[in-house]
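Chain by chain, the residues run as shown.
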Amino acid sequence: MTAPLRPLREMPRETARAVHTVLTDIDDTVSSEGRLTAAAYGALEQLHEAGLRVVPVTGRPAGWCDHVARFWPVQAVVGENGAFYMWHDAAAGRLRTRHWQDDAGRAAGAARLAAVRERILAEVPGCAVASDQFCRLYDLAIDFREDVPPLPPAAVDRIVALMQAAGMTAKVSSIHVNGWFGDWDKLAMAKRLMAERFALDLDDAAVRAGVVFAGDSPNDEPMFGFFPNAVGVANVLDFRERIRALPAWVTPSRAGAGFVELAGHLLAARR
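I will try to describe carefully the structure that is included in this document. Just so you know, these numbers come straight off a predicted model, no measurement behind them.

Right, let's get into the overall build of the chain. Looking only at helices and strands, the chain has 9 helices and 13 strands in total. Computed over the C-alpha atoms, the radius of gyration of the chain is 18 Å, within 12% of the 18 Å expected from 2.2 N^0.38 for a compact globule of 271 residues. Projected onto the principal axes, the alpha-carbon positions of the chain cover approximately 55 × 45 × 35 Å. Counting across all 271 residues of the chain, residues that qualify as buried make up 54%. Looking at the chain alone, contacts between residues at least 24 apart form 59% of all its contacts between residues at least 6 apart. Positive and negative side-chain charges of the chain, numbering 30 and 33 respectively, have mean locations separated by a distance of 3 Å.

Attention shifts here to the sheet that holds strand 4 (residues 77–79). Two strands in a sheet stick together by hydrogen bonds in their backbones, pointing the same way (parallel) or opposite ways (antiparallel). Pairing is antiparallel in the open sheet, where 3 strands are placed in the order 4-5-6. Every interior strand has two partners, whereas the edge strands, strand 4 and strand 6 (94–99), have only one. The average angle at which neighbouring strand axes cross in this sheet is 25°, direction not considered. Bridge count for strand 4 against strand 5 (residues 84–89) is 3 bridges, and the pairing is antiparallel. The partner of Gly79 across the bridge, within strand 5, is Phe84. Contacting strand 4, strand 5 and strand 6, helix 3 (residues 62–71) crosses the sheet at an angle of about 30° to strand 5.

Moving on, we get to the side chain of Asp28. You can see Asp28 is positioned in the loop between strand 2 (21–24) and helix 2 (38–49). Despite its burial, Asp28 pairs with no opposite charge; the closest candidate is Arg145, at 4.1 Å N-O. A polar contact is formed between the side chain of Asp28 and the side chain of Ser174, at a distance of 2.5 Å. Look past the residues within four positions of Asp28 in its chain and what remains in contact with it is Glu33, Arg145, Ser174, Ile175, Asp216, Val233, Asn235 and Ala255.

Parameters at a glance
Residues numbered from 1 in each chain as written. Predicted model: local features only at pLDDT ≥ 70, side-chain atom pairs only at ≥ 80, totals over all residues. Heavy atoms only, no water. Helix = DSSP H or I, 4+ residues; strand = E, 2+ residues; numbered from the N terminus. Rg over C-alpha atoms; globule rule 2.2 N^0.38 Å. Buried < 20%, exposed > 50% of the residue type's maximum accessible area, 1.4 Å probe, protein only. Contact = heavy atoms within 4.5 Å. Lys, Arg positive; Asp, Glu negative; His and termini not counted. Charge placed at Lys NZ, Arg CZ, Asp CG, Glu CD. Pairing = 2+ DSSP bridges. Axes fitted to C-alpha atoms, helices over the stretch in contact; angles between N-to-C directions. Salt bridge = Lys/Arg side-chain N within 4 Å of Asp/Glu carboxyl O. Polar contact = N/O pair within 3.5 Å; in protein donor to acceptor, adjacent residues only side chain to side chain.

Written as C-alpha coordinates, this is what we have:
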(Lines give C-alpha, C1' and ligand atoms only; values in the text may rest on other atoms or scores of the structure.)
Protein backbone atom coordinates (compact mmCIF):
# COMPACT_ATOMS: atom_id res chain seq x y z
CA MET A 1 0.00 0.00 0.00
CA THR A 2 1.25 3.50 -0.76
CA ALA A 3 1.91 6.25 1.75
CA PRO A 4 -1.06 8.01 3.36
CA LEU A 5 -3.09 10.29 1.11
CA ARG A 6 -2.47 14.02 1.39
CA PRO A 7 -5.26 16.60 1.61
CA LEU A 8 -6.07 18.21 -1.74
CA ARG A 9 -5.47 21.66 -0.25
CA GLU A 10 -1.76 20.75 -0.01
CA MET A 11 -1.43 20.22 -3.79
CA PRO A 12 0.92 23.05 -4.80
CA ARG A 13 -0.56 25.84 -6.88
CA GLU A 14 2.03 25.33 -9.60
CA THR A 15 1.15 21.63 -9.81
CA ALA A 16 -2.55 22.42 -10.14
CA ARG A 17 -1.89 25.16 -12.68
CA ALA A 18 0.08 22.76 -14.90
CA VAL A 19 -2.85 20.32 -15.24
CA HIS A 20 -4.07 20.08 -18.84
CA THR A 21 -6.26 16.95 -18.64
CA VAL A 22 -8.78 15.65 -16.12
CA LEU A 23 -9.61 11.96 -16.40
CA THR A 24 -12.37 10.91 -14.04
CA ASP A 25 -14.40 7.94 -12.92
CA ILE A 26 -18.16 8.58 -12.83
CA ASP A 27 -19.93 6.48 -10.18
CA ASP A 28 -19.46 7.90 -6.68
CA THR A 29 -16.76 10.22 -8.05
CA VAL A 30 -18.78 12.62 -10.19
CA SER A 31 -22.14 11.17 -9.12
CA SER A 32 -23.44 11.08 -5.55
CA GLU A 33 -25.62 8.22 -4.32
CA GLY A 34 -26.64 7.40 -7.87
CA ARG A 35 -27.39 11.00 -8.90
CA LEU A 36 -25.54 13.55 -11.00
CA THR A 37 -25.92 16.82 -9.13
CA ALA A 38 -26.11 20.20 -10.83
CA ALA A 39 -22.94 21.24 -9.00
CA ALA A 40 -20.96 18.24 -10.26
CA TYR A 41 -22.15 18.65 -13.84
CA GLY A 42 -21.36 22.35 -13.56
CA ALA A 43 -17.84 21.49 -12.43
CA LEU A 44 -17.35 19.39 -15.58
CA GLU A 45 -18.53 22.28 -17.72
CA GLN A 46 -16.34 24.81 -15.91
CA LEU A 47 -13.25 22.64 -16.45
CA HIS A 48 -14.16 22.21 -20.11
CA GLU A 49 -14.72 25.92 -20.65
CA ALA A 50 -11.45 26.76 -18.91
CA GLY A 51 -9.65 24.82 -21.64
CA LEU A 52 -8.89 21.60 -19.76
CA ARG A 53 -9.36 18.30 -21.54
CA VAL A 54 -12.07 16.31 -19.68
CA VAL A 55 -12.48 12.56 -20.24
CA PRO A 56 -14.61 10.23 -18.08
CA VAL A 57 -13.03 6.79 -17.62
CA THR A 58 -15.75 4.49 -16.34
CA GLY A 59 -16.98 0.94 -15.93
CA ARG A 60 -20.38 1.98 -17.24
CA PRO A 61 -21.61 0.42 -20.50
CA ALA A 62 -21.59 1.43 -24.14
CA GLY A 63 -25.18 2.65 -23.97
CA TRP A 64 -24.33 5.11 -21.22
CA CYS A 65 -21.14 6.20 -22.96
CA ASP A 66 -23.01 7.03 -26.17
CA HIS A 67 -25.01 9.56 -24.15
CA VAL A 68 -21.97 10.90 -22.26
CA ALA A 69 -19.95 11.45 -25.44
CA ARG A 70 -22.84 13.21 -27.17
CA PHE A 71 -24.29 15.36 -24.39
CA TRP A 72 -21.70 15.98 -21.67
CA PRO A 73 -19.02 18.71 -21.84
CA VAL A 74 -16.24 16.18 -22.46
CA GLN A 75 -13.76 15.43 -25.24
CA ALA A 76 -14.23 11.64 -25.11
CA VAL A 77 -15.24 8.82 -22.77
CA VAL A 78 -13.61 5.46 -21.97
CA GLY A 79 -16.19 2.78 -21.14
CA GLU A 80 -16.57 -0.73 -19.74
CA ASN A 81 -13.28 -0.42 -17.84
CA GLY A 82 -11.26 0.23 -21.00
CA ALA A 83 -12.96 -1.93 -23.63
CA PHE A 84 -13.52 1.09 -25.92
CA TYR A 85 -13.53 4.82 -26.14
CA MET A 86 -16.10 7.07 -27.81
CA TRP A 87 -16.06 10.67 -28.94
CA HIS A 88 -18.40 12.96 -30.81
CA ASP A 89 -16.85 14.03 -34.09
CA ALA A 90 -18.32 17.53 -34.39
CA ALA A 91 -16.93 18.11 -37.88
CA ALA A 92 -18.60 14.96 -39.22
CA GLY A 93 -21.64 15.30 -36.96
CA ARG A 94 -21.43 11.71 -35.70
CA LEU A 95 -20.38 9.54 -32.79
CA ARG A 96 -17.25 7.45 -33.28
CA THR A 97 -15.98 4.46 -31.31
CA ARG A 98 -12.55 2.83 -31.02
CA HIS A 99 -12.79 -0.78 -29.78
CA TRP A 100 -10.11 -2.88 -28.09
CA GLN A 101 -11.53 -6.09 -29.63
CA ASP A 102 -13.01 -6.75 -33.04
CA ASP A 103 -16.56 -8.02 -33.65
CA ALA A 104 -15.41 -11.66 -33.68
CA GLY A 105 -13.75 -11.28 -30.31
CA ARG A 106 -16.90 -9.85 -28.76
CA ALA A 107 -19.06 -12.62 -30.21
CA ALA A 108 -16.73 -15.32 -28.93
CA GLY A 109 -16.93 -13.95 -25.41
CA ALA A 110 -20.72 -13.64 -25.22
CA ALA A 111 -21.49 -17.31 -24.51
CA ARG A 112 -18.68 -17.53 -21.96
CA LEU A 113 -20.03 -14.48 -20.14
CA ALA A 114 -23.48 -16.08 -19.96
CA ALA A 115 -22.09 -19.23 -18.33
CA VAL A 116 -20.20 -17.27 -15.67
CA ARG A 117 -23.27 -15.15 -15.00
CA GLU A 118 -25.42 -18.19 -14.24
CA ARG A 119 -22.85 -19.67 -11.88
CA ILE A 120 -22.46 -16.43 -9.92
CA LEU A 121 -26.20 -15.94 -9.55
CA ALA A 122 -26.53 -19.51 -8.28
CA GLU A 123 -23.64 -19.33 -5.81
CA VAL A 124 -23.81 -15.79 -4.40
CA PRO A 125 -27.21 -15.11 -2.79
CA GLY A 126 -28.43 -11.53 -2.99
CA CYS A 127 -26.45 -10.42 -6.01
CA ALA A 128 -28.01 -9.61 -9.38
CA VAL A 129 -27.07 -8.83 -12.94
CA ALA A 130 -26.63 -5.05 -13.17
CA SER A 131 -29.63 -3.20 -14.56
CA ASP A 132 -27.47 -1.71 -17.31
CA GLN A 133 -26.24 -5.10 -18.56
CA PHE A 134 -28.49 -4.90 -21.63
CA CYS A 135 -26.40 -2.09 -23.09
CA ARG A 136 -22.97 -3.63 -22.45
CA LEU A 137 -20.76 -4.88 -25.28
CA TYR A 138 -17.88 -6.56 -23.48
CA ASP A 139 -18.33 -7.28 -19.82
CA LEU A 140 -20.53 -8.86 -17.18
CA ALA A 141 -21.58 -6.52 -14.38
CA ILE A 142 -22.79 -8.05 -11.14
CA ASP A 143 -24.62 -5.68 -8.82
CA PHE A 144 -23.74 -5.90 -5.13
CA ARG A 145 -25.25 -2.63 -3.88
CA GLU A 146 -26.80 -0.44 -6.59
CA ASP A 147 -30.26 -2.01 -6.96
CA VAL A 148 -29.86 -4.75 -4.34
CA PRO A 149 -29.29 -4.50 -0.58
CA PRO A 150 -25.52 -4.12 0.04
CA LEU A 151 -23.68 -7.43 0.20
CA PRO A 152 -20.88 -8.13 2.69
CA PRO A 153 -17.23 -8.02 1.56
CA ALA A 154 -17.04 -11.82 1.58
CA ALA A 155 -19.78 -12.03 -1.05
CA VAL A 156 -18.00 -9.47 -3.23
CA ASP A 157 -14.79 -11.48 -2.89
CA ARG A 158 -16.67 -14.63 -3.93
CA ILE A 159 -17.96 -12.93 -7.10
CA VAL A 160 -14.41 -11.87 -7.96
CA ALA A 161 -13.09 -15.38 -7.30
CA LEU A 162 -15.70 -16.99 -9.56
CA MET A 163 -14.88 -14.61 -12.38
CA GLN A 164 -11.16 -15.17 -12.01
CA ALA A 165 -11.62 -18.94 -11.89
CA ALA A 166 -13.34 -18.69 -15.28
CA GLY A 167 -10.34 -16.86 -16.71
CA MET A 168 -11.85 -13.38 -16.55
CA THR A 169 -10.35 -10.10 -15.45
CA ALA A 170 -12.44 -8.91 -12.49
CA LYS A 171 -12.57 -5.40 -11.03
CA VAL A 172 -14.59 -4.07 -8.11
CA SER A 173 -16.24 -0.67 -8.42
CA SER A 174 -18.28 1.06 -5.75
CA ILE A 175 -21.47 -0.72 -6.93
CA HIS A 176 -20.60 -3.59 -9.29
CA VAL A 177 -18.08 -6.32 -9.90
CA ASN A 178 -17.16 -6.13 -13.59
CA GLY A 179 -15.61 -9.09 -15.38
CA TRP A 180 -14.42 -9.58 -18.94
CA PHE A 181 -12.36 -11.86 -21.15
CA GLY A 182 -9.54 -9.62 -22.35
CA ASP A 183 -6.34 -7.84 -21.38
CA TRP A 184 -7.54 -4.24 -21.24
CA ASP A 185 -8.15 -1.97 -18.27
CA LYS A 186 -8.87 1.71 -17.70
CA LEU A 187 -5.22 2.69 -17.93
CA ALA A 188 -4.44 0.77 -21.13
CA MET A 189 -7.29 2.40 -23.02
CA ALA A 190 -6.63 5.83 -21.53
CA LYS A 191 -3.09 5.61 -22.92
CA ARG A 192 -4.40 4.58 -26.34
CA LEU A 193 -7.00 7.36 -26.37
CA MET A 194 -4.57 10.09 -25.39
CA ALA A 195 -2.06 8.99 -28.03
CA GLU A 196 -4.55 8.55 -30.86
CA ARG A 197 -6.85 11.50 -30.26
CA PHE A 198 -4.56 14.08 -28.68
CA ALA A 199 -0.98 13.02 -29.62
CA LEU A 200 -0.03 12.81 -25.94
CA ASP A 201 2.28 10.06 -24.68
CA LEU A 202 1.28 9.24 -21.11
CA ASP A 203 4.48 7.25 -20.65
CA ASP A 204 6.32 10.59 -20.81
CA ALA A 205 6.65 11.70 -17.18
CA ALA A 206 6.30 15.38 -18.07
CA VAL A 207 3.02 14.74 -19.89
CA ARG A 208 1.75 12.47 -17.12
CA ALA A 209 2.43 15.16 -14.49
CA GLY A 210 -0.16 17.35 -16.21
CA VAL A 211 -2.92 14.76 -15.89
CA VAL A 212 -5.22 14.40 -12.90
CA PHE A 213 -7.25 11.24 -12.51
CA ALA A 214 -10.15 11.34 -10.05
CA GLY A 215 -11.61 8.10 -8.69
CA ASP A 216 -12.91 6.28 -5.65
CA SER A 217 -12.73 2.48 -5.84
CA PRO A 218 -10.56 -0.59 -6.52
CA ASN A 219 -11.11 -0.64 -10.28
CA ASP A 220 -9.37 2.76 -10.34
CA GLU A 221 -6.17 1.31 -8.88
CA PRO A 222 -4.23 1.14 -12.19
CA MET A 223 -4.90 4.85 -12.66
CA PHE A 224 -4.04 5.73 -9.04
CA GLY A 225 -0.72 3.95 -9.34
CA PHE A 226 0.22 5.50 -12.68
CA PHE A 227 -0.63 9.18 -12.28
CA PRO A 228 1.46 11.06 -9.71
CA ASN A 229 -1.35 13.56 -9.18
CA ALA A 230 -4.25 11.15 -8.93
CA VAL A 231 -7.00 12.36 -6.60
CA GLY A 232 -9.42 10.28 -4.58
CA VAL A 233 -12.74 11.72 -3.49
CA ALA A 234 -13.09 11.13 0.25
CA ASN A 235 -15.03 7.87 -0.08
CA VAL A 236 -11.90 6.25 -1.50
CA LEU A 237 -11.02 5.74 2.17
CA ASP A 238 -13.86 3.19 2.36
CA PHE A 239 -11.73 0.92 0.15
CA ARG A 240 -8.23 1.72 1.39
CA GLU A 241 -7.71 -1.87 2.60
CA ARG A 242 -8.56 -3.16 -0.90
CA ILE A 243 -6.39 -0.72 -2.87
CA ARG A 244 -2.63 -1.27 -2.94
CA ALA A 245 -1.87 1.89 -4.94
CA LEU A 246 -3.72 4.79 -3.34
CA PRO A 247 -4.02 8.23 -4.97
CA ALA A 248 -1.65 11.01 -3.99
CA TRP A 249 -4.38 13.41 -2.91
CA VAL A 250 -7.80 13.19 -1.27
CA THR A 251 -10.68 15.68 -1.24
CA PRO A 252 -12.42 16.78 1.97
CA SER A 253 -15.84 15.66 0.72
CA ARG A 254 -17.25 12.47 -0.70
CA ALA A 255 -18.39 11.66 -4.23
CA GLY A 256 -19.64 14.51 -6.43
CA ALA A 257 -19.04 17.14 -3.76
CA GLY A 258 -15.40 16.05 -3.69
CA PHE A 259 -15.20 16.34 -7.48
CA VAL A 260 -16.54 19.90 -7.22
CA GLU A 261 -13.75 20.64 -4.72
CA LEU A 262 -11.16 19.22 -7.10
CA ALA A 263 -12.46 21.32 -9.99
CA GLY A 264 -12.43 24.40 -7.79
CA HIS A 265 -8.82 23.77 -6.75
CA LEU A 266 -7.67 23.38 -10.36
CA LEU A 267 -9.60 26.41 -11.60
CA ALA A 268 -8.42 28.64 -8.76
CA ALA A 269 -4.81 27.84 -9.67
CA ARG A 270 -5.43 29.05 -13.23
CA ARG A 271 -6.87 32.40 -12.21
